Amino acid sequence: GDSVTQMEGPVTLSEEAFLTINCTYTATGYPSLFWYVQYPGEGLQLLLKATKADDKGSNKGFEATYRKETTSFHLEKGSVQVSDSAVYFCALSDRGGSYIPTFGRGTSLIVHP
Amino acid sequence: NAGVTQTPKFQVLKTGQSMTLQCAQDMNHEYMSWYRQDPGMGLRLIHYSVGAGITDQGEVPNGYNVSRSTTEDFPLRLLSAAPSQTSVYFCASSALRDSGTGELFFGEGSRLTVL
């Protein structure tokens, strides 16, 4: 079945540091890939998405590129801020397989001033 | 545009009590689902529905019932609450794959404590 593996946290960074959160997936069909963000005390919200190979999703300074050859969708940001402290979830929705979205376990990011 | 609305936001129950968590969406989404989120466990799917009159079990369905009488509403019922059901519950909806990318829209969550 489909699966998503993302790096365990917490990831602790200083403000303005570079961020990478790794995400790899397995899917039988043609998945769309997503990063969701959950700020403290809130629900999840879509951060960015990519629907086909080589697409780059971007939002709020975050980027992720859909790499079919390495089955990866790593999240990056060049300079993190304290306000980026949150839990980040990688997910896929496999249009060629089950329509039930598959989530990674989430990675907590803590950014210190 | 309200999106996905969950009520209540907070609830405290005693063991054995029953309650219903409400979820409504105004985006005409076919797919609706309930998750629970526990520390260190990520999101776990409880039940889901692909349309009115159709429901199915997810990863952790025991102790929960759902129904889908309309496209808009997908309530989650706890018939006899147990302390193990203390959690944060999220409702989420999506257009099915043929009409969308599969992006999920989440409610703000319902924090349930069972004493």
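This write-up is about the structure you can find in this document. (Residues numbered from 1 in each chain as written. Chains lettered and ligands numbered in written order. Predicted model: local features only at pLDDT ≥ 70, side-chain atom pairs only at ≥ 80, totals over all residues. Heavy atoms only, no water.)

## Focus: the state of the cysteines
Residue and element names in this part refer to chain A.
At step 1: Evaluated as defined, the whole model comprises 2 disulfides over all chains.
At step 2: Here cysteine 23 engages in a disulfide with cysteine 90; their sulfurs sit 1.9 Å apart. Residues cysteine 23 and cysteine 90 share a disulfide whose torsion about the S-S bond is about -70°; that sign makes it left-handed. Residue cysteine 23 is found in strand E4 (residues 23–26), and its partner cysteine 90 is found in strand E10 (residues 86–94); the two are separated by 67 residues along the sequence. Residue cysteine 23 shares its accessibility class with cysteine 90, and that shared class is buried. (Disulfide = S-S within 2.5 Å. Helix = DSSP H or I, 4+ residues; strand = E, 2+ residues; numbered from the N terminus. Buried < 20%, exposed > 50% of the residue type's maximum accessible area, 1.4 Å probe, protein only.)

## With respect to unusual backbone geometry
At step 1: Note that the residue after A:Gly9, namely A:Pro10, is joined by a cis bond; omega there is 0°.
At step 2: Secondary-structure assignment places A:Pro10 in the loop between strand E1 (3–6) and strand E2 (11–14).
At step 3: Residue B:Pro8 is reached from B:Thr7 by a cis peptide bond, and omega for that bond is -5°.
At step 4: Relative to the elements of secondary structure, B:Pro8 occurs in the loop between strand E1 (4–7) and strand E2 (10–13).
At step 5: Positioned with a positive phi, A:Glu16 is a non-glycine residue whose angle comes to about 80°.
At step 6: Looking at where A:Glu16 falls in the secondary structure, it is placed in the loop between E2 and strand E3 (19–21).

## Points about the interface of chain B and chain A
At step 1: With 20 residues of chain B in contact, the opposing surface of chain A contributes 20 residues.
At step 2: Carbon and sulfur atoms supply 61% of the area that chain B and chain A bury against each other, a total of about 1700 Å² over both sides.
At step 3: Our enumeration of links across chain B and chain A arrives at 1 salt bridge.
At step 4: Between A:Lys49 and B:Glu103 there is a salt bridge, with the nearest N and O atoms lying 3.4 Å from each other.
At step 5: Our count for the contact surface shared by chain B and chain A stands at 4 residue pairs in polar contact (both at pLDDT 80 or more).
At step 6: Taken together, the elements giving at least two residues each to the side of chain B that touches chain A come down to strand E4 (31–38) and strand E5 (42–51) of chain B.
At step 7: Broken down by class, the residue content of the side of chain B that touches chain A amounts to 11 nonpolar, 6 polar and 3 charged. (Contact = heavy atoms within 4.5 Å. Buried area = accessible area lost by both parts, 1.4 Å probe. Salt bridge = Lys/Arg side-chain N within 4 Å of Asp/Glu carboxyl O. Polar contact = N/O pair within 3.5 Å; in protein donor to acceptor, adjacent residues only side chain to side chain. Nonpolar A, V, L, I, M, F, W, Y, C, P; charged D, E, K, R; others polar.)

By themselves these figures say nothing about function.
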